[in-house]
Amino acid sequence: MRKTLYLKFIFAYIIFAFFGFIVVATFVSSMTMDNLKKEKADTLYREATLIANTYATDLYNSEATLEAVKSELDALETYLNATIWIINPSGRMVLDSSSPMDVETEVVIENFDPTITEGSYYIIGDFFGTFTEDMLSVFAPITSDFKVKGYVVIHSSMRGIQASTDSLLNISYITLVILFLLSLIILIFFTEMVYIPLRKITEATEQYANGNMHYEVSVESGDEIGYLAATLSYMASEIARAEDDQKKFVANVSHDFRSPLTSIRGYLEAMLDGTIPPEQYEKYLSIVLNETERLAKLTNSLLTLNNLNTKGMLLDRADFDINSVIRNVAASFEGTCREKKIAIELVLTGEEMFVTADMDKIQQVLYNLLDNAIKFSHHNSVIKLETTEKHNKIFVSVKDSGIGIPKDNLKLIWDRFYKSDLSRGKDKKGTGLGLSITKEIIRSHGEHINVISTEGVGTEFIFSLQKSEMEDDD
């Protein structure tokens, strides 16, 4: 069995984890660094602007001494953890919070250019070769009388920003790992609720494809997968039942064809080899003729049943008097009833009772039911045919007082070729298809047929038909 679906899901899961770490390591790292740099630069710029507008301006306006400003800058350096410079536009250092004040030694920043920021207020680098590492440097101009007198420059090492970035990235990595582990729940859920049931269903389909229709698939689930498994199992059971019915059907057909063919062949061979003398030919030819009629009846019944089972069978529905049809069918059995001294009692509602159905097929139903009733009725007994009306339905009953049907066999009488043990001795010429044909005809009309029977007492068949609207109109 292929397992590519599960492997694909695992592969997608690994790709998800891989790209998750790639995104954190690249985009998140870059965005975090940029955000921290901007926040640090904003903070330093506010401080630089504040210094430029207060201490530095006072210094250039001779309102404060170098020593006083230097003291303030030293305090701010400790607070900001950054180096604070005051420099002239030419690049000459005025004050440096990181070095002792030395007015005799001139320090000049070579190639100093305050326009290097290109519209921004900070730069990153070694600040014109002054530092040996990258620094975040912000500029704030010192103005007096609308002229730039100098600049306040604050430097902060990028190592601190990088350390903060790494710390936040570590948190991001830990969060990603936690999410990755939590997402294992999805994998477990997929495995238990989807993959394992699908594997069972796939295994079942392979068994069914190999002909093992009795293989059972068990998926305890109320979702679509469980419904699929139940439907598949039901389909297999129906196919298995159909195959069993087909085997039984072929066996029954073979048996019912073999018996008369064996008799015919035996009698004909006996005539040919002289075992049966010529003066007895008429007797045995009559037997052979009866057997051929039996074969013809069996063949016609099979063709009828096959046509009834054909999907989309068309019925020639019409309005007709069911009472009249019952009378005609009963009259056709007059000779047979006279031989067995059986009386047929008709209890019909009204002179006429119109129904909507296929008259020829309903006539066949009545013929089959009445024929069975006569076969299994005792001599000097009565068969009752009755029609009743209820809830816009016409119910037809055929009731005998014959041998009855055992309780365990009531559900089997509709099966093709079925004959109960009690009927085999009395129904030697029957095909076992009459009741199957009867049920198929009634079912094709969208109606129902039921049986009530007590062994040794008798049997009653009751079927329903749609009442004709023609009577309602009248």
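So, here is what we can say about the structure in this document. (Residues numbered from 1 in each chain as written. Predicted model: local features only at pLDDT ≥ 70, side-chain atom pairs only at ≥ 80, totals over all residues. Heavy atoms only, no water.)

Before going further, it helps to examine the packing of helix α1 (residues 4-53) against helix α5 (residues 184-209). Geometrically, a packed helix pair is captured by the angle between its two axes and the distance between the axes. Two numbers describe how α1 lies on α5: the axes approach to 11 Å, and their chain directions differ by 170°. As far as their axial angle goes, α5 and α1 are roughly antiparallel. Judged by residue contacts, Leu5, Tyr6, Phe9, Ile10 and Tyr13 of α1 engage Leu184, Ile186, Leu187, Phe190, Thr191, Tyr195 and Leu198 from α5. (Axes fitted to C-alpha atoms, helices over the stretch in contact; angles between N-to-C directions. Helix = DSSP H or I, 4+ residues; strand = E, 2+ residues; numbered from the N terminus. Parallel < 35°, antiparallel > 145°, perpendicular 65-115°, else oblique. Contact = heavy atoms within 4.5 Å.)

This part takes up the sheet that holds strand β3 (residues 122-125). Strand order in the open sheet formed by five strands is β2-β1-β5-β4-β3, and the pairing between neighbours is antiparallel. The open sheet has two edge strands, β2 (93-96) and β3, and neither has a second partner. The sheet shows a mean angle of 25° between the axes of neighbouring strands, direction not considered. Of the strand pairs in this sheet, strand β1 (residues 83-87) and β2 are connected by three bridges, and their pairing is antiparallel. Across the sheet, residue Ile86 finds its bridge partner in β2, namely Leu95. Against the sheet, α1 makes contact with β1, β3, β4 (135-144) and β5 (147-157), and its axis sits at roughly 25° relative to β4, the strand it touches most. Contacts between helix α4 (residues 158-182) and the sheet are confined to β3, β4 and β5, with β5 contributing the most and set at about 50° to the helix. (Pairing = 2+ DSSP bridges.)

We now examine the environment of Glu216. Mapping Glu216 onto the fold places it in the loop between α5 and α6 (224-272). In this structure, the C-alpha to C-alpha distance between Glu216 and Glu460, residues 244 residues apart in sequence, is 40 Å.

A separate point is α1. Spanning 50 residues, α1 covers 71 Å between terminal C-alpha atoms, matching the ideal 74 Å at 1.5 Å per step. Residue Val28 marks the point of greatest curvature in α1, where the axis turns by about 35°. (Expected span 1.5 Å × (residues − 1). Bend = angle between axes of the 7 residues up to and from the residue.)

The subject of this paragraph is the pattern of salt bridges. If the charged atoms of two oppositely charged side chains come close together, the side chains can form a pair. Applying the stated rule across the entire model yields 12 salt bridges. Glu440 serves as the salt-bridge partner of Arg443, at 2.5 Å between the closest nitrogen and oxygen. Taken together, the residues span about one helical turn, with Arg443 and Glu440 both in helix α12 (residues 434-444) at a distance of three residues. (Salt bridge = Lys/Arg side-chain N within 4 Å of Asp/Glu carboxyl O.)

Before going further, it helps to examine the pairing of β1. In the case of a regular strand, side chains alternate between the two sheet surfaces. Across the five residues that make up β1, a large majority, five, are buried. Side chains Thr83, Trp85 and Ile87 of β1 all project onto a buried face; the interleaved residues Ile84 and Ile86 project onto the opposite face, where all are buried too. As paired strands, β1 and β5 are joined by five bridges and run antiparallel to one another. Along β5, the bridge assignment pairs Ile84 with Ile154. Where β1 folds back onto β2 in an antiparallel hairpin, the turn is made up of five residues, including Gly91, whose phi is positive at roughly 100°. (Buried < 20%, exposed > 50% of the residue type's maximum accessible area, 1.4 Å probe, protein only.)

Bringing the side chain of Asp321 into the picture now. Note on placement: Asp321 falls in strand β6 (residues 317-321). Within the buried set, Asp321 has no salt-bridge partner at all; the shortest N-O distance to an opposite charge, 4.4 Å, is to Arg327. Within the local environment of Asp321, its side chain forms a polar contact with the backbone nitrogen of Met353, the two atoms lying 2.8 Å apart. If sequence neighbours within four positions are ignored, Asp321 has contacts with Arg327, Glu351, Glu352, Met353 and Phe354. (Lys, Arg positive; Asp, Glu negative; His and termini not counted. Polar contact = N/O pair within 3.5 Å; in protein donor to acceptor, adjacent residues only side chain to side chain.)

Now for the pairing of β5. Of all the 11 residues making up β5, eight are buried; the element is thus mostly covered by neighbouring parts of the structure. Strand direction decides the pairing type here: β4 and β5, joined by 10 bridges, are antiparallel. Bridging across to β5, Ser137 finds its partner in His155. The turn joining β4 and β5, which pair antiparallel and follow one another in sequence, is formed by two residues; a positive phi near 55° is taken by Asp145.

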